[in-house]
Amino acid sequence: MNTKYTETLRTILEVLNLGLVVLLLFRWIGWSDSPLVTIFNESDRLEDIHAPNAVENRSQLVFQRDGGTVTVEDIIRYLHAHPELIDTTEKRQMLQQMQQTQTALLSAEENLKQIEYQLNTLALEVYQRLTPAEQARIRARRNTDSVEGIEAQYWQALIEQVGTEQ
């Protein structure tokens, strides 16, 4: 009886091993549509894996690198296909709040576009009132003024900050 149990166990383990090998081959070849993402790999140090918030931080980097961003549209399409997931009052309220927030964001974006258009129109009107010499100076120094007047300050502050942290 012991040999029968051993043979059955051996057969089960062999089938499992064969199944794992097949799955690994599919993943290695790239035929898998698996949503799984490898966050850590063999080149990572133990300090990377065990650092505080390691999974959250690495996940964010992986998604930024690989373009794996989840959008509101992705969520709503998924929920549309799986309405059974909205099974509590709290989830229904959250869904309604998401819709209200999306509507508010779209409205704010439209308002920003209108304000940007008005600012561009105003800037063009001011520019056209300038003398030809003033217009030429703005065209010649536009990037220089921006870089030297604004960006350079950030560059210098960062260099000084990094230089003092040694």
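Every residue gets a number counted from 1 within its own chain, in the order that chain's sequence is written. Since the coordinates come from a predicted model, pLDDT governs what is reported: local features require at least 70, and pairs of side-chain atoms require 80 or more to be given and counted, while whole-chain, interface and lining totals use all residues. To obtain the side-chain values, all non-hydrogen atoms of the structure were included, while hydrogens and water were left out.

Enquirer: What is the right way to look at the overall build of the chain in this model?
Expert: Elements are defined by DSSP. Helices are runs of H or I of four residues or more, strands are runs of E of two residues or more, and each kind is numbered from the N terminus. Scanning the chain for helices and strands turns up six helices and zero strands. In sequence order, the secondary structure elements of the chain are arranged as α-α-α-α-α-α. Under the scheme applied here, a residue whose accessible area is under 20% of the maximum for its type counts as buried, over 50% as exposed, and between as partly exposed, the area being computed with a 1.4 Å probe on protein chains only. Per-residue burial over the chain gives 5% buried out of 166 residues. Considering only residue pairs separated by 6 or more positions, the chain has 11% of its internal contacts joining residues 24 or more positions apart. Note on areas: Shrake-Rupley, 1.4 Å probe, and residue coverage restricted to the protein chains presented here. Summed over all atoms, the accessible surface of the chain reaches about 15300 Å², with 60% contributed by carbon and sulfur. By definition, residues are in contact when any of their heavy atoms lie within 4.5 Å.

Enquirer: I keep staring at the side chain of aspartate 44 and nothing clicks. Help me out?
Expert: For aspartate 44, the position within the fold is in the loop between helix 1 (2-29) and helix 2 (46-50). Side-chain atoms alone can form a polar contact between residues adjacent in sequence; in general such a contact is a pair of N or O atoms within 3.5 Å, and within protein one must be able to donate a hydrogen while the other accepts it. A polar contact is formed between the side chain of aspartate 44 and the side chain of arginine 58, at a distance of 2.9 Å. Filtering out sequence-adjacent residues up to four positions away, aspartate 44 remains in contact with Ile39, Ile49 and Arg58.

Enquirer: Even after reading the chapter, I still don't get the pattern of salt bridges, so can you show me in this structure?
Expert: Charged atoms that come close allow side chains of opposite charge to pair. Counted as salt bridges are all cases of a side-chain nitrogen of Lys or Arg within 4 Å of a carboxyl oxygen of Asp or Glu. The tally for this structure, following the rule as stated, stands at three salt bridges. Arginine 58 is paired through a salt bridge with aspartate 44; the nearest N and O atoms lie 2.9 Å apart. Taken together, the residues arginine 58 in helix 3 (residues 54-66) and aspartate 44 in the loop between helix 1 and helix 2 connect sequence positions 14 residues apart. Two residues, lysine 91 and aspartate 87, come together in a salt bridge whose shortest N-O distance is 3.2 Å. You can call lysine 91 partly exposed: its relative accessible area is 38%.

Enquirer: What is the right way to look at a nonpolar patch on the surface in this model?
Expert: Every patch collects residues that have over 30% relative accessible area and no salt bridge, joining them within 9 Å if they carry like charges and within 5 Å if they are nonpolar side chains (Val, Leu, Ile, Met, Phe, Trp, Tyr). On the surface, Tyr5, Leu9, Ile12, Leu13 and Leu16 cluster together into a nonpolar patch covering about 510 Å² of accessible area. Within the secondary structure layout, leucine 16 lies in helix 1.

Enquirer: Just to check I follow, could you spell out helix 3 for this structure?
Expert: Because the α-helix completes a turn every 3.6 residues, residues three or four places apart line up on one side. To estimate the expected span of a helix, count its residues, drop one, and scale the result by 1.5 Å. With 13 residues, helix 3 should reach 18 Å at 1.5 Å per residue; the first-to-last C-alpha distance of 18 Å fits that figure. Buried within helix 3 are the following residues: Ala54, Arg58, Ser59 and Val62. Down the axis of helix 3, the sector holding all buried residues measures 115°, keeping them to one side. Exposed side of helix 3, more than 90 degrees from the buried face: Glu56, Gln60, Leu61 and Gln64 are the residues found there. Here the buried face of helix 3 lies against helix 2. Directions from the helix axis toward the C-beta atoms define the arc.

Enquirer: Is there a simple way to think about the side chain of glutamine 135 in this case?
Expert: Secondary-structure assignment places glutamine 135 in helix 6 (residues 132-164). In this structure the side chain of glutamine 135 is engaged in a polar contact, spanning 2.8 Å, whose partner is the backbone oxygen of tyrosine 127. The contacts of glutamine 135, once residues within four sequence positions are left out, are Tyr127, Gln128 and Leu130.

Nothing here speaks to function; it is geometry throughout.
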